[in-house]
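Listed below, chain by chain, are the residues.
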Amino acid sequence: MPSLVHIFHRFEFKEAVEAILDRHEIESFVRLPMAEGRDKDGKHHGSQVFPGNMSLVQALVDEERIDGLLEELRRFKQSRPAHEHLRVAVVTVERTL
């Protein structure tokens, strides 16, 4: 049974996150680009007052791919201070259609 993986990140890293998904053969996902959000640095609403935006990627990921995906996302997050805002949540899915 797949799990639902939520990846929250700064919008400027969308290509890097997508490349990670590609390396783990995750072909289907949904991206909510340019979303408003808040992290430890404050609000990001895409305005002059609150610059920047967040993105959310959601993907149904087979259980056998989760550990490898999380490990690569962890390495990405730790590789540069600018990546430290990446957050990932894995949610168990009981049913899919």
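To be clear, the structure that these remarks concern was listed above.
So, a few notes on the structure that sits alongside this text. (Residues numbered from 1 in each chain as written. Predicted model: local features only at pLDDT ≥ 70, side-chain atom pairs only at ≥ 80, totals over all residues. Heavy atoms only, no water.)

## Quick look at the packing of aromatic side chains
Okay, step 1: Inspection of the entire model under this criterion finds one aromatic pair.
Okay, step 2: Residues Phe 13 and Phe 76 carry aromatic rings whose centres are separated by 6.0 Å and whose planes lie at 75° to one another, so their mutual orientation is edge-to-face. With Phe 13 in the loop between β1 (3-10) and α1 (14-23) and Phe 76 in helix α2 (residues 63-79), this residue pair connects regions lying 63 residues apart in the sequence. (Phe/Tyr/Trp six-rings, centres within 6.5 Å; stacked < 30°, edge-to-face > 60°. Helix = DSSP H or I, 4+ residues; strand = E, 2+ residues; numbered from the N terminus.)

## Some remarks on the nonpolar core
Okay, step 1: Counting 15 residues, the largest nonpolar core has Ile 7, Val 61 and Leu 69 as the members making the most contacts within it.
Okay, step 2: Mapped onto this core, the elements with two or more residues apiece are β1, α1, β5 (54-61) and α2.
Okay, step 3: Examining the composition of this core, we find that four residues originate from one element, α2, more than from any other.
Okay, step 4: Contact partners of Ile 7, with chain neighbours within four places excluded, come to Val 17, Leu 21, Ser 55, Leu 56, Val 57, Leu 73, Leu 86, Arg 87 and Val 88. (Core = buried A, V, L, I, M, F, W, Y, C linked by side-chain atoms within 4.5 Å. Buried < 20%, exposed > 50% of the residue type's maximum accessible area, 1.4 Å probe, protein only. Contact = heavy atoms within 4.5 Å.)

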